[in-house]
Amino acid sequence: MMLLTFLACTGGGGDLSAFIPTVKFNRLDLTDLSFEELSVDFVFDVDNPNPVEIPLERFDYALDLADIEILSGDSPDGVHLRSEATSEMVLPVSLSFEGIYELATTDRGVDDMPFRLRGGFGWDTDIGPVDVIYDEEGSFPALRIPDFKVADLYLGEVTGEAANFQLDVDVDNDHGSTLDFENLDFQVKFAGVKVGAGTEEHFGSVEGATKKRLSIPFSVDYLDAATAIAAAASGEKIQVELAATTDVATPFRDTPVSLSVDENGRVEVLPD
């Protein structure tokens, strides 16, 4: 039953605005998050004041991040609004981070970026098409990968069977909030040879908009460490490779986000 049919049955006429559905942006729900991509739901409240269902015929949108249009589109599939009720209309959006931050730059020390979402909802009625325009602004999660750099390698106690090392890593946190790194699972190579591996339950924390040096202690067999020990004795640099995964607590959701680290560099072996 269309809107005009209902009005005719009730003897309606005059001002029709009281019978036109209204649209209001409600919230942004973060549904999935990684350092590669994220998924969010833009949730609208659509209020239908009529005692009959009305099919939503048109829905289009354009999303800007930091004043740069990221995506646009339309959803022509009809959606029926519940009679005399507020219906939630959800626009699901998935974005890959690759390329986004080259376009929509986020300042250092900031956790989010401004968004603008605009478009329209449309209904076809017996009196003609009815369209409601929306234009909303808010903040959008801006998750950036922290920068890891291999720094110094320290040689500690050496016994007849093993040698103790400490690999220092510089971690640069571009966010405004502190990032906590837990459950580090790592592997270290010297000159392409695996020499150490292990886990660190509490790797460390880096405050927002700062760089901090974190340490990874590990012990290796003497034969595996012989190259590094020889380099330490001669004062030469050695190629060090770090491959690791760690859980990162972010300001955007309660559950941590997994991060993979793959860094290398030529460093001196320093006395502990």
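Structural data are supplied above this passage.
Overview of the structure. (Residues numbered from 1 in each chain as written. Predicted model: local features only at pLDDT ≥ 70, side-chain atom pairs only at ≥ 80, totals over all residues. Heavy atoms only, no water.)

### Things to note about a nonpolar patch on the surface
Under the convention used in this document: Without a salt bridge and with relative accessible area above 30%, a residue can belong to a patch; like charges are then joined within 9 Å and nonpolar side chains (Val, Leu, Ile, Met, Phe, Trp, Tyr) within 5 Å. Throughout, the Shrake-Rupley method with a 1.4 Å probe supplies accessible areas, and for residues the shown protein chains are the sole cover considered. Here, a salt bridge means any Lys or Arg side-chain nitrogen found within 4 Å of an Asp or Glu carboxyl oxygen. Only runs of H or I of at least four residues qualify as helices and only runs of E of at least two qualify as strands under DSSP, and these elements are numbered from the N terminus. Accessible area is worked out with a 1.4 Å probe on protein chains only. A residue is then buried under 20% of its type maximum, exposed over 50%, and partly exposed in between.
A contiguous nonpolar patch, built from Val158, Tyr222 and Leu223 and spanning about 310 Å² of accessible area, is present on the exposed surface. Structurally, valine 158 is set in strand E10 (residues 147–158). For valine 158, a relative accessible area of 38% gives the class partly exposed.

### Points about the packing of aromatic side chains
Our working definition: Aromatic rings from Phe, Tyr and Trp, taking only the six-membered ring of Trp, are treated as a pair when their centres fall within 6.5 Å; an angle between ring planes under 30 degrees marks them as stacked, one over 60 as edge-to-face, and anything in between as tilted.
The final tally for this structure, using the stated rule, is 18 aromatic pairs. The interplanar angle of 40° and the centroid separation of 6.2 Å between the aromatic rings of phenylalanine 59 and tyrosine 61 together place this pair among those described as tilted. A relative accessible area of 18% places tyrosine 61 in the buried class. Centroid distance phenylalanine 181 to phenylalanine 203: 6.4 Å. Interplanar angle 80°. Geometry classified as edge-to-face. Of this pair, phenylalanine 181 sits in strand E12 (residues 179–190) while phenylalanine 203 sits in strand E13 (residues 193–206), and the two are 22 residues apart along the sequence. Accessibility expressed as a relative area gives 0% for phenylalanine 181, which makes it buried. For phenylalanine 203, a relative accessible area of 7% gives the class buried. Members of the aromatic cluster, each reached through a chain of ring pairs, are Phe25, Phe42, Phe44, Phe59, Tyr61, Phe115, Phe121, Tyr134 and Phe140.

### Comments concerning the sheet that holds E12
What counts, and what does not: Should DSSP find at least two bridges between two strands, the strands are regarded as paired. Only C-alpha atoms enter the line fits that serve as axes; for helices the fit covers just the stretch in contact. Angles between N-to-C directions range over 0 to 180 degrees.
If you trace the 7 strands from one edge of the open sheet to the other, you get E13-E12-E15-E16-E10-E11-E14, paired in mixed fashion. In the strand order of this sheet, the two ends are held by E13 and strand E14 (210–221), each with one partner. Averaged over all pairs of adjacent strands, the angle between their axes in this sheet comes to 25°, without regard to strand direction. As paired strands, E12 and E13 are joined by 11 bridges and run antiparallel to one another. Among the inter-strand pairings, aspartate 180 is bridged to a residue of E13, identified as serine 205.

### Observations concerning the pairing of E10
Sheet topology note: the E10/strand E11 (residues 162–173) ladder contains 8 bridges and is antiparallel. Within the sheet, the bridge partner assigned to aspartate 147 lies in E11 and is aspartate 172. The hairpin formed by E10 and E11 contains 3 residues between the paired strands.

### Regarding unusual backbone geometry
In the Ramachandran plot, alanine 66 falls in the positive-phi region, its phi being about 50° despite a non-glycine side chain. Positionally, alanine 66 belongs in the loop between strand E4 (58–65) and strand E5 (68–74). Judged by its relative accessible area of 22%, alanine 66 is partly exposed. Of note in this structure, alanine 209 is not a glycine but carries a positive phi near 55°.

### Some points on the pattern of salt bridges
Scanning all chains against the criterion turns up 11 salt bridges. Arginine 27 serves as the salt-bridge partner of glutamate 88, at 3.0 Å between the closest nitrogen and oxygen. A residue pair is termed long-range when its members are at least 10 positions apart, and glutamate 88 in strand E7 (residues 85–96) and arginine 27 in strand E1 (residues 22–33) qualify at 61 residues. Residue glutamate 88 is classed as partly exposed on the basis of its relative accessible area, which comes to 47%. For arginine 27, a relative accessible area of 30% translates into the label partly exposed. In this structure, glutamate 69 engages arginine 118 in a salt bridge whose closest nitrogen and oxygen atoms are separated by 3.3 Å. Here glutamate 69 is found in strand E5, whereas its partner arginine 118 is found in strand E8 (residues 112–125), with 49 residues between them in sequence. For glutamate 69, a relative accessible area of 44% puts it in the partly exposed group.

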